[in-house]
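Architecture and fold: a report
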Amino acid sequence: MYLVAAVWISLALLASLVSVRVGISVALVEIMVGVLAGNLFTIPEPEWVAFLASIGAVALTFLAGVDIDTEVLRNKLAATLLIGFLSFLLPFLGAAAWAYGVADWTGDASLIAGIALSTTSVAVVYAVMIETGLNRSDLGKVILAACFVTDLGTVTALGLLFAGFGLELVVFGAVTVAALLVLPRFTRWFFRQYGERVSEPELKYLFVVLFGLGALASFAGSEAVLPAYLVGLVLSDTFQKREELARRLRTIVFALLTPFYFIRAGLFVSFGSLVAGFWTIVAFFAVKVATKFAGVLPVTLAYGYTFRDGMYTTLMMSTGLTFGTISSLYGLDNGLITQQQYSVLVTVVIATAIIPTLVAQRFFLPLKEIKKVQIEEDR
């Protein structure tokens, strides 16, 4: 067990060193390290690695919700909803139509392709926002909120088209809504009573909430990252007054948990599948990115974004990872897509986590927004 842990943390350390050296987001490098390591070596992946990776996704999604400024969200609600909705709708329709009409996939397989390629990766986007400091800017907060709208569309589409609505889902929805109503006030009380202790009861309390709702989500056939984002959103005002607590949680998440998540994501990519389905992968990648651009870029420009900020927003909204792989795996497990189709979709999803992020960071980083954040911090 310790040897396996040493291997995985060594890969994470290598990714950190490369990230610092080349100036690329560590999340992006961790995915690429996972791709290379998984294809060049046999990387052990016991069940506890998948568990830590899952916790990393949940905690990262929670932090993304925490960093959304509710005041900014209210002031820019129309832009956020429109960007997020079109970021889901056009890629869903475009990828499904391409799969059915051009790639000659079945109707169910085409719908799974549309769902898998409609997503935006909150995990990748948030990791980049944290590293650049854009999570504290209005632009970054709008992007994070729009990511949630997009992925909510993905989850809803998967539920409506395939998963169905049973009693378990109704119970999950009711309990989640009740928890979201109670949590802000109860959390403030809990933090006042038990905060700032060496034993970190605040962080343990948060993990109890996230794990409990995550268990209920799994029971209902949903995903633990969905309630995690909502909990982060309703607790964002509380955390704005406790930046030190958020910093301690980020330290745990980024040092120990998210490396397992991002490196494991890279392991899904097989060079053999990439070669076998190369042109199909290229076509699906182009369809996803083209439809994201068609939906997002015109909206950003219409709301007064500069071309650079609009391109950055569009490229970030073009990323995919968590819900893309989840949707693809759902299709495979339920016999809706073949193993080859699954490999194609997952490879496209991973490619959208890497390529748009790399282009955005290299050529369209919103330097004015970053500088503005730095000036405010210096004050």
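What comes next concerns the included structure. As the structure is a computational prediction, the values presented were derived from the model and not from experiment.

Tallying secondary structure elements over the chain gives 19 helices and zero strands in all. Taking 379 residues into account, the globule formula puts the C-alpha radius of gyration at 21 Å, and the chain, at 20 Å, falls close to it. Projected onto its principal axes, the C-alpha coordinates of the chain cover approximately 60 × 50 × 50 Å. Sorting the 379 residues of the chain into buried and exposed places 56% on the buried side. Sequence separation of 24 or more characterises 83% of the internal contacts of the chain that already satisfy a separation of 6 or more. Total accessible area computed for the chain in this model is approximately 16,700 Å², and 67% of it derives from carbon and sulfur atoms. Counting 24 positive and 25 negative side-chain charges, the chain places the centres of these two groups 8 Å from one another.

Take the environment of Leu28 next. Mapped onto the elements of the fold, Leu28 is located in helix α2 (residues 26-40). Judged by its relative accessible area of 2%, Leu28 is buried. Between the alpha carbons of Leu28 and Tyr342 there is a distance of 22 Å; along the sequence they are 314 residues apart. Contacts of Leu28, omitting those with residues within four sequence positions, involve Ala353, Ile354, Thr357 and Leu358.

Attention now goes to the pattern of salt bridges. The full count for this structure, using the stated rule, is nine salt bridges. Note that Glu202 is salt-bridged to Arg242, the shortest N-O span being 3.2 Å. Highlighted residues: Glu202 in helix α10 (residues 201-219) and Arg242 in the loop between α12 (236-240) and α13 (243-267), separated in sequence by 40 residues. Among the residues examined, Arg242 registers a relative accessible area of 21% and is labelled partly exposed. For Glu243, the salt bridge goes to Arg250, with nearest N and O atoms at 3.0 Å. One connected set of salt bridges, linked through shared partners, spans Glu196, Glu200, Glu202, Arg242 and Arg248.

Remark: helix α9 (residues 167-194) packs on α10, axes separated minimally by 10 Å, with the N-to-C direction vectors making an angle of 175°. Between α9 and α10, the angle falls in the class roughly antiparallel. Residue-level inspection shows Glu168, Val171, Phe172, Val175, Thr176, Ala179, Leu183, Phe186, Thr187, Phe190, Phe191 and Tyr194 of α9 in contact with α10, the latter providing Pro201, Glu202, Tyr205, Leu206, Val209, Leu213, Leu216, Ala217 and Phe219. Split by residue class, the contact of α9 with α10 holds 17 nonpolar, two polar and two charged.

Turning to its location among the elements, Ser137 is positioned in the loop between α7 (122-132) and α8 (138-163). Of note is the side chain of Ser137, whose polar atom sits 3.1 Å from the backbone nitrogen of Gly140. Apart from residues lying up to four places away in sequence, Ser137 is in contact with Glu369 and Val373.

This part takes up unusual backbone geometry. A positive phi angle, near 65°, is found at Asp104, a position not held by glycine. You can call Asp104 exposed: its relative accessible area is 67%. The backbone of Glu200 sits at a positive phi, close to 55°, despite the residue not being glycine.

Now for empty space enclosed by the protein. The tally for this structure, following the rule as stated, stands at one cavity of 30 Å³ or more. Each pocket or cavity is described by its volume, and for the largest cavity that value is around 110 Å³. Lining the largest cavity, in full, are Thr61, Val122, Ala123, Phe148, Asp151, Leu152, Val225, Leu226, Tyr229, Thr322 and Phe323. Mapped onto the lining of the largest cavity, the elements with two or more residues apiece are α7, α8, α11 (225-234) and α17 (322-333).

With that out of the way, let us pick up the layout of surface pockets. Within this model, the largest pocket holds a volume of roughly 1,300 Å³. Forming the walls of the largest pocket are 49 residues, and the residues nearest its centre are Ser218, Ser222, Glu223, Ala224 and Ile326. Mapped onto the lining of the largest pocket, the elements with two or more residues apiece are α3 (47-66), α8, α9, α10, α11, α13 and α17. Tallied by class, residues from the lining of the largest pocket come to 30 nonpolar, 14 polar and five charged.

Moving on to the environment of Val287. Mapped onto the elements of the fold, Val287 is located in helix α15 (residues 278-302). The class for Val287 is buried, based on a relative accessible area of 12%. In sequence terms Val287 and Ala97 are 190 residues apart; their C-alpha atoms lie 9.9 Å from each other. Residue contacts for Val287: discarding those within four places in its chain leaves Gly94, Ala95 and Trp98.

The rules behind these values
All residue numbers refer to position in the chain's written sequence, counted from 1. At least 70 in pLDDT is required for a residue's local features to be given in this predicted model, at least 80 for side-chain atom pairs to be given and counted, and no such filter applies to totals for whole chains, interfaces and linings, which use all residues. As a rule here, side-chain values come from all non-hydrogen atoms in the structure, and water together with hydrogens is ignored. For helices the rule is a DSSP run of H or I covering at least 4 residues; for strands it is a run of E covering at least 2, with both sets numbered from the N terminus onward. The globule rule is 2.2 Å times the number of residues to the power 0.38, and the radius of gyration it is compared with is taken over C-alpha atoms. Buried means the residue's accessible area, taken with a 1.4 Å probe over protein chains only, is under 20% of the maximum for its type, while exposed means over 50%, and partly exposed covers the values in between. Note on definitions: a residue-residue contact is assigned when non-hydrogen atoms from the two residues lie within 4.5 Å. Surface accessibility follows the Shrake-Rupley procedure with a 1.4 Å probe radius. Residue values consider only the protein chains on display as shielding. Positive: Lys, Arg. Negative: Asp, Glu. His and the chain ends are not part of the count. We put the charge of a Lys on NZ, of an Arg on CZ, of an Asp on CG and of a Glu on CD. When a carboxyl oxygen of Asp or Glu lies within 4 Å of a side-chain nitrogen of Lys or Arg, that pair is called a salt bridge. The angle between two axes is taken between their N-to-C directions and runs from 0 to 180 degrees, where each axis is a line fitted to C-alpha atoms and a helix contributes only its stretch in contact. Orientation categories follow fixed angle ranges, with anything under 35 degrees roughly parallel, anything over 145 roughly antiparallel, 65 to 115 roughly perpendicular, and all other angles oblique. Residues are sorted three ways: Asp, Glu, Lys and Arg are charged, Ala, Val, Leu, Ile, Met, Phe, Trp, Tyr, Cys and Pro are nonpolar, and all the rest, Gly among them, are polar. Between N or O atoms, a polar contact is any pair within 3.5 Å; within protein, one atom must be a potential hydrogen donor and the other a potential acceptor, and residues adjacent in sequence are included only when both atoms are from side chains. Any residue with an atom within 4 Å of a point lines the site, the site being either a cavity, points on a 1 Å grid over the protein atoms alone where a 1.4 Å probe fits but cannot get out, or a pocket, an open set with protein on both sides within 12 Å along at least 5 of 7 lines. Grid points are joined across faces, edges and corners, and a volume is the space filled by probe spheres set on the points.

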